[in-house]
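# Descriptive analysis of the structure
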Amino acid sequence: MDNRKEDISSSAVFPEISAEQQKLDRRFMRAALTQAKKALDKGEVPIGCVIVYEGRIIGRGYNRRNTDRTTIAHAEINAIKKASRVIGDWRLEGCTLYCTLEPCQMCAGAIVQARIDRVVIGTLSPKAGCAGTLLNILQNPDFNHQAQITDGVMAGECSELLSRFFKELRRLNKLKKTSSEMPAGSD
């Protein structure tokens, strides 16, 4: 994971973001991390998301691709569905989306389609990030909507959770491979 910015605690890094907004961003990113931990508990890649409107969380989601057996069960998509139900509209204007990992192309497209104003990202995704790493779908001037992006909020915590998950997954896969290569009766 790319950890260009460990945290947004310094107004020198983001002078346009007030200290109060930085505090709120950390608060809501902690809520997104709580969602990511729910995914982890289910054996899913630990990615979490919350959507905030007028200072209140109106949508929560975490990665459920394996659980739901569908490609589209990403944290952001799940949170957008819930927030849309609360708002009573597909348009989520005035909302801020907090996600622990930079959105992929599908989620970035859904964010643009939902007209979400601001996206706050924990850690960047060098393999699939579409909020500036590989592509920047969220701020493409050819689309009818662009979102403001703040990245690096609690990057260390977000990155560490993902790293720990993948390290454990590699360990389990290695054990599984080793045990399947043992000849029968060699216990």
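Everything discussed here concerns the structure shown above.
Heads up: these notes are all about the structure in this document. Residue positions within a chain follow its written sequence, with the count starting from 1. Per-residue local features of the predicted model are confined to residues with pLDDT of at least 70, and side-chain atom pairs are confined, for both listing and counting, to 80 or more; whole-chain, interface and lining totals are unaffected and use all residues. Excluded from the side-chain calculations are hydrogens and water; all other atoms, namely the structure's heavy atoms, are used.

## With respect to helix α3 (residues 75-87)
Helix and strand definitions follow DSSP, with helices as H or I runs of at least four residues and strands as E runs of at least two, each counted in order from the N terminus. Any helix carries an expected span of 1.5 Å times its number of residues minus one. Here α3 spans 18 Å end to end across 13 residues, near enough to the 18 Å set by a 1.5 Å rise per residue. Of all the positions in α3, only A75, E76, I77, N78, A79, I80, A83 and S84 are classed as buried. A positive phi of about 80 degrees marks G88, the residue just after α3. Burial classes: relative accessible area under 20% of the type maximum marks a residue as buried, over 50% as exposed, and values in between as partly exposed (1.4 Å probe, protein chains only).

## As for the packing of α3 against helix α4 (residues 105-113)
Angles shown run from 0 to 180 degrees and are taken between the N-to-C directions of axes, each axis being a line fitted to C-alpha atoms and, for helices, limited to the stretch in contact. Packing of α3 against α4 brings their axes to within 9 Å, and their N-to-C directions diverge by 25 degrees. In this view, α3 runs roughly parallel relative to α4, as classed from their interaxial angle. Considering only the axes of α3 and α4, their crossing is left-handed. Across from E76, I77 and I80 in α3, the residues of α4 making contact are M106, C107, A110 and I111. In terms of residue class, the contact of α3 with α4 is made up of 6 nonpolar, no polar and 1 charged. Here is the rule for angles: anything less than 35 degrees is roughly parallel, anything more than 145 is roughly antiparallel, 65 through 115 is roughly perpendicular, and the remaining ranges are oblique. Working rule for handedness: look at the near helix, and if it is turned counterclockwise from the far one by less than a right angle, call the crossing left-handed; if clockwise, right-handed. By definition in these notes, contact holds between two residues if any of their heavy atoms fall within 4.5 Å. Note on residue categories: nonpolar means Ala, Val, Leu, Ile, Met, Phe, Trp, Tyr, Cys or Pro, charged means Asp, Glu, Lys or Arg, and polar means any other residue, Gly included.

## Some points on the pattern of salt bridges
Any Lys or Arg side-chain nitrogen located within 4 Å of an Asp or Glu carboxyl oxygen qualifies as a salt bridge. Summed over the entire model, instances satisfying the criterion amount to 5 salt bridges. Of the charged contacts, one joins D68 and R64 as a salt bridge, the two residues approaching to 2.7 Å between their closest N and O atoms. The salt bridge partner of D89 is R91, with a shortest N-O separation of 3.1 Å. Assessed through its relative accessible area of 28%, D89 is described here as partly exposed. The partly exposed category is assigned to R91, whose relative accessible area is 35%.

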